[in-house]
Amino acid sequence: MRSSPGADSFVGANFTQHQPYWTQDIELNEEYFYYLKLVTEFNQQQKAKQEDSDYDKDE
């Protein structure tokens, strides 16, 4: 009995399973906290701008 053509090409193939980035542990280091602080400050500034009564008015 003969197998279909190309069936032997997968013999010994190295299949690796990749994990999605959200399942991987992140390293909490100085660089992480630096960027976390930047993002937090930026978001607070954007929120303050939107809450400003003159936000949508043209100059």
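It should be noted that the structure appears before, not after, this text.
Here the structure is a predicted model, which means the values were calculated and not measured. (Residues numbered from 1 in each chain as written. Predicted model: local features only at pLDDT ≥ 70, side-chain atom pairs only at ≥ 80, totals over all residues. Heavy atoms only, no water.)

### Observations regarding a nonpolar patch on the surface
Side chains of I26, L28, Y32, F33 and L36 sit close together on the surface and give an oily, nonpolar patch of about 480 Å² of accessible area. By relative accessible area, which is 38% here, L36 ends up partly exposed. (Patch = residues over 30% accessible without salt bridge, like charges linked within 9 Å, V, L, I, M, F, W, Y side chains within 5 Å. Areas by Shrake-Rupley, 256 points an atom, 1.4 Å probe, with all protein chains shown as cover. Salt bridge = Lys/Arg side-chain N within 4 Å of Asp/Glu carboxyl O. Buried < 20%, exposed > 50% of the residue type's maximum accessible area, 1.4 Å probe, protein only.)

### Considering the packing of aromatic side chains
Under the defined criterion, the tally for this structure stands at 2 aromatic pairs. Aromatic side chains Y32 and F33 sit 5.3 Å apart centroid to centroid with 80° between the ring planes, which places their arrangement in the edge-to-face category. Seen from their ring centres, Y34 and Y35 are 5.1 Å apart, and the 75° between their planes marks the pair as edge-to-face. Since its relative accessible area comes to 47%, Y35 is described here as partly exposed. (Phe/Tyr/Trp six-rings, centres within 6.5 Å; stacked < 30°, edge-to-face > 60°.)

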